[in-house]
Amino acid sequence: MRVVKNLLDRCVEVVELMALSPMPRGVSEISATLDLPKTAAYRLLRKLCDLGWVEQVGEDGPYRLTLRLALLGNSLLLASGLTQTAQPLLDRLAEGTRELVRLTVANERGLSWAAFAQGAPPGIRYQPSISGAVVLHATASGKAFLAALPEPQALEMARGQGLGKQRPGPRTVASEDELRRDLALIRQQGYAVIDEEAEPEIKAVAVAIRQKDGPPLGTLSVAGPRSRLSDERIPGHVKLLTETAQILAAGWFHWNTQQVQ
């Protein structure tokens, strides 16, 4: 039996799809990706334009998100107190690893990038965008997050993000069996490492942020060129990541309390 999604579900899917890339998307691309009739995709986009969430590039061009979503997200983070409290910790971690450090926050659909600190010297920095959702099966942060979830839930979330279809890097896992093996290893060693899975020539290591055996609250990662992020450096990075993640987890309830006050 085919499940018919309501209008709100479809609007959220369109916004999340467009948030994955800053590049404008056409009606045909959105229709094909979301398995949505072109007429329905067009109506949704026009409604989102009317509401100020989406804008059209040119008279007959593709569509892109406006800054409204980014501004709201930034306001939420500022109100929570998370970024202000976490930033000094991220800065210290970046200084210790001499690489890019990123923090993610968990939500019901996966992870979102929340904050970063750059520790690499000028000229040889890896500095990707931290907008949009985190591809769970292709990133160290995503895999660390999935490994902290019950396996059925982890696989369902990965399938929802295109496991087997979306392969942003040359070594991205392509099947559930591959992902299961990776998650088993991550649970055993306590951290995730990816090598050219998110994009070519990039390596990353991440740990989940969690309180005792509770669900993952987010992740903390270090990423950089694979030529610099050698296997010999991984244990030292894991130690610093784990120590920082424990500090962040201890303060997480305080941030959430601030947010609802």
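Computed from a predicted structure; not experimentally measured.

Colleague: Could you give an account of helix α8 (residues 176-189), with specific residues and numbers?
Modeller: Here α8 spans 20 Å end to end across 14 residues, near enough to the 20 Å set by a 1.5 Å rise per residue. Along α8, the positions that sit buried rather than exposed are Leu 179, Leu 183 and Ile 186. The buried residues of α8 all sit within an arc of 60 degrees when viewed along its axis, so they share a single face. With respect to the buried face of α8, the exposed residues turned more than 90 degrees away are Arg 181 and Gln 188. Among the structural elements, α6 (140-147), α7 (151-160) and β5 (192-195) are those in contact with the buried residues of α8. Immediately downstream of α8, the backbone of Gly 190 shows phi near 90 degrees, a positive value.

Colleague: Could you give me a rundown of the packing of aromatic side chains, with the residues and numbers involved?
Modeller: How two aromatic rings sit relative to each other is set out by the distance from centre to centre and by the angle between their planes. Tallied over the full model, the rule gives zero aromatic pairs. Its guanidinium or amino end placed over the ring of Trp 113, Arg 102 lies 4.3 Å from that ring's centre, counting from NZ or CZ.

Colleague: Just give me the short version of the sheet that holds strand β3 (residues 100-107), but keep the residues and values in it.
Modeller: Whenever strands of a sheet pair, they do so through backbone hydrogen bonds, lying parallel or antiparallel. Across the sheet, which stays open at both edges, the five strands sit in the order β4-β3-β7-β6-β5 with antiparallel pairing between neighbours. Edge positions in the sheet fall to β4 (110-118) and β5, since each has one partner strand and no second. In this sheet, neighbouring strand axes are inclined to one another by 25 degrees on average, regardless of whether the strands run parallel or antiparallel.

Colleague: I'd like to hear about the side chain of Lys 203, residue by residue, with values.
Modeller: Tracing the backbone through its elements, the reader meets Lys 203 in strand β6 (residues 202-209). The residues contacting Lys 203, other than those within four sequence positions of it, are Val 193, Ile 194, Asp 195, Val 222, Ala 223, Gly 224, Arg 226, Leu 229, Ser 230 and Asp 231.

Colleague: Outline the pairing of β4, listing residues and values.
Modeller: The element β4 is largely enclosed, with a buried count of seven among its nine residues. Pairing analysis gives eight bridges linking β3 to β4, with the strands arranged antiparallel. When the bridges of β4 are listed, Leu 103 appears paired with Ala 115. Once β3 ends, the chain turns through two residues before running back antiparallel as β4.

Colleague: Any details on the pattern of salt bridges? Residues and values, ideally.
Modeller: Considering all chains together, one arrives at 17 salt bridges under this definition. We note a salt bridge from Arg 64 to Glu 55, for which the minimum N-O separation is 2.8 Å. Put simply, Lys 203 and Asp 231 hold a salt bridge, and the shortest N to O gap is 2.7 Å. Pair noted here: Lys 203 is in strand β6 and Asp 231 is in the loop between β7 (218-225) and α9 (234-260), with a separation of 28 residues, a long-range link. Residue classification places Lys 203 among the buried positions, given a relative accessible area of 7%. Relative accessible area serves as the criterion here: at 56%, Asp 231 is assigned to the exposed category. A cluster of three or more residues bridged by salt bridges with shared partners is formed by Glu 151, Arg 159, Glu 176, Asp 177, Arg 180 and Arg 187.

Colleague: Describe in detail α7, supporting the description with residues and values.
Modeller: By the burial criterion, the buried members of α7 are Ala 154, Leu 155, Met 157 and Ala 158. For α7, the arc enclosing every buried residue in end-on projection is 165 degrees, short of the 170-degree limit, so these residues lie on one face. In α7, the exposed positions that point more than 90 degrees away from the buried face belong to Pro 152, Glu 156 and Gly 160. Packing partners of the buried residues in α7 comprise β4, α6 and α8. Remark: Gly 162 follows α7 within two positions and exhibits a positive phi of approximately 100 degrees.

Colleague: Got a sec to walk through the packing of α7 against α8? Specific residues and values, please.
Modeller: Relative orientation of the contacting elements α7 and α8 amounts to 130 degrees, with a least axis distance of 11 Å. The angle between the axes of α7 and α8 places the two elements in the oblique class. For the crossing formed where α7 meets α8, the hand is right-handed. Here α7 contributes Glu 151, Ala 154, Leu 155, Ala 158 and Arg 159 to the contact with α8, which in turn contributes Glu 176, Leu 179, Arg 180, Leu 183 and Arg 187. By residue class, the composition of the contact of α7 with α8 is five nonpolar, no polar and five charged.

Colleague: Pulling in residues and values, what's your account of the nonpolar core?
Modeller: With 27 residues, the main nonpolar core has Leu 136, Phe 145, Leu 146, Leu 149, Met 157, Leu 179 and Leu 183 as its most contacted residues. Those elements giving two or more residues to this core turn out to be β4, α6, α7, α8, β5 and β6. By residue number, the principal contributor to this core is α6, which donates five residues. Ignoring anything within four residues of it in the chain, the contact list for Met 157 reads Glu 108, Arg 109, Gly 110, Leu 136, Phe 145, Leu 146 and Leu 149. Counting residues in hydrophobic clusters, the runner-up holds 25 residues, among them Leu 89, Val 207, Leu 217 and Trp 252.

Calculation notes
Residues numbered from 1 in each chain as written. Predicted model: local features only at pLDDT ≥ 70, side-chain atom pairs only at ≥ 80, totals over all residues. Heavy atoms only, no water. Helix = DSSP H or I, 4+ residues; strand = E, 2+ residues; numbered from the N terminus. Expected span 1.5 Å × (residues − 1). Buried < 20%, exposed > 50% of the residue type's maximum accessible area, 1.4 Å probe, protein only. Arc of directions from axis to C-beta. Contact = heavy atoms within 4.5 Å. Phe/Tyr/Trp six-rings, centres within 6.5 Å; stacked < 30°, edge-to-face > 60°. Lys NZ or Arg CZ within 6 Å of the ring centre and 35° of its normal. Pairing = 2+ DSSP bridges. Axes fitted to C-alpha atoms, helices over the stretch in contact; angles between N-to-C directions. Salt bridge = Lys/Arg side-chain N within 4 Å of Asp/Glu carboxyl O. Parallel < 35°, antiparallel > 145°, perpendicular 65-115°, else oblique. Left-handed = near helix turned anticlockwise from the far one by under 90°. Nonpolar A, V, L, I, M, F, W, Y, C, P; charged D, E, K, R; others polar. Core = buried A, V, L, I, M, F, W, Y, C linked by side-chain atoms within 4.5 Å.

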